[in-house]
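Analysis of the macromolecular model
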Amino acid sequence: MNLLLGVVSITGTPLAAPYEAGYWFTSLTGWWDAADSTGQTTQFLTADGGWSNRAYRAFRQIDITGHVEAGSRPELRDAIERLMAAIPVDPLVPLVVYEDGLARHCMVRMSGQPKVVWAGGHLPVADFNISLVAPDPRKLAGPGGDLGWRVFGPVGLPSTTGGLTFPFTFPTAFTAVTTSGQVTLDLAGTATPNAVVEFTGPVLNPGVREVGTGRTLWFDLELLAGQTLSVDLRTRSVLLNGVSRRGKRRGQWIAPTPGAVWEFTAANYNSDARMLVRTQEAWI
């Protein structure tokens, strides 16, 4: 369910229809700005210049101001109550912004007390201000949930079948078939995306190699037929059929980048083994 404010949506109670009240946001701040930095610089006491600490992006602060109109004062009262109830206090929910066909979201919750100003008298009109905070400052593709994720694969392990065999006689045909076992991450965005790699057995020591750097992430595990190993490259969780196997990680963690080529690896070849990569594009 969505709270619709023009092209802005907060997960909660539907407020656009079928209710009589109309909602508009008049300003949205903190969405298009890059998040602040945690970096600080301290002046040297006895020399020119200063010392800077390691800097990271801070959380994202978002403010929405808007306008509510209704057909009567009771309708306006009910509309304001629904608006206040839709603002998340503790769990993070998607704040979705639709821009010319592109849906992106941040995971947000309340930051500070919401403000409502009722014009008073007999006018069923009110203004509101909502402050939200996104602990993860990235803007993610899609409206939240499973929507907005892109899928690459599944692919099997690299292999070559057919081709020239001895002895042979002319004329003959060179008909080798090569399977690369690779996926190319054709991604948009300006920030590191979310990515989950899924390996499906049967396969021994499944892994993924970043072709450009040679960096390989693999797991000291044997997956039986039907078993799935799910690896979240952002949270670094490793789940075998839902059970943690993070201690079986070997090699180096990798991060998805636009245009990167990833290759499925294993200790030996099995034609039924599969790798699938799911990504969610992100913007600063």
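In what follows, the structure referred to is the one given above.
So, here is what we can say about the structure in this document. Predicted model only: the values in this text are computed from it and were never measured.

Here is what the cut-offs are and how they apply
- Residues numbered from 1 in each chain as written.
- Predicted model: local features only at pLDDT ≥ 70, side-chain atom pairs only at ≥ 80, totals over all residues.
- Heavy atoms only, no water.
- Pairing = 2+ DSSP bridges.
- Helix = DSSP H or I, 4+ residues; strand = E, 2+ residues; numbered from the N terminus.
- Axes fitted to C-alpha atoms, helices over the stretch in contact; angles between N-to-C directions.
- Core = buried A, V, L, I, M, F, W, Y, C linked by side-chain atoms within 4.5 Å.
- Buried < 20%, exposed > 50% of the residue type's maximum accessible area, 1.4 Å probe, protein only.
- Contact = heavy atoms within 4.5 Å.

Details of the sheet that holds strand β25 (residues 261-265)
Ordered by their spatial adjacency, five strands build an open sheet running β15-β25-β18-β19-β24, and the pairing between neighbours is antiparallel. With one partner strand each, in any of the chains shown, β15 (182-184) and β24 (249-251) form the two edges of the open sheet. Taking each pair of neighbouring strands and ignoring which way they run, the sheet shows an average axis angle of 20°. One ladder, built from three bridges, connects strand β19 (residues 216-219) with β24; its direction is antiparallel.

A look at the pairing of strand β18 (residues 207-210)
Pairing between β18 and β19: three bridges, direction antiparallel. In the sheet register, R209 faces β19, and the bridge partner there is T216. The antiparallel hairpin formed by β18 and β19 contains five residues in its connecting segment, where G214 sits at a positive phi of about 80°. Here β18 pairs with β25 via four bridges, running antiparallel. Across the sheet, residue V208 finds its bridge partner in β25, namely F264.

Regarding the nonpolar core
Grouped together as the largest cluster of nonpolar side chains are 28 residues, with contacts concentrated most on F199, L229, V231, L233, W262 and M275. Residue assignment for this core shows that the elements contributing at least two residues are β12 (150-155), β16 (191-200), β19, β21 (228-232), β22 (237-240), β25 and β26 (274-283). Top contributing element to this core by residue count: β16, with three residues. For F199, the residues in contact, after removing those within four places along its chain, are P206, G207, V208, F219, L223, Q227, T228, L229, V231, F264, R274 and M275. Counting residues in each nonpolar core, the second largest holds 20 residues, with A70, L83, C106 and F128 among its members.

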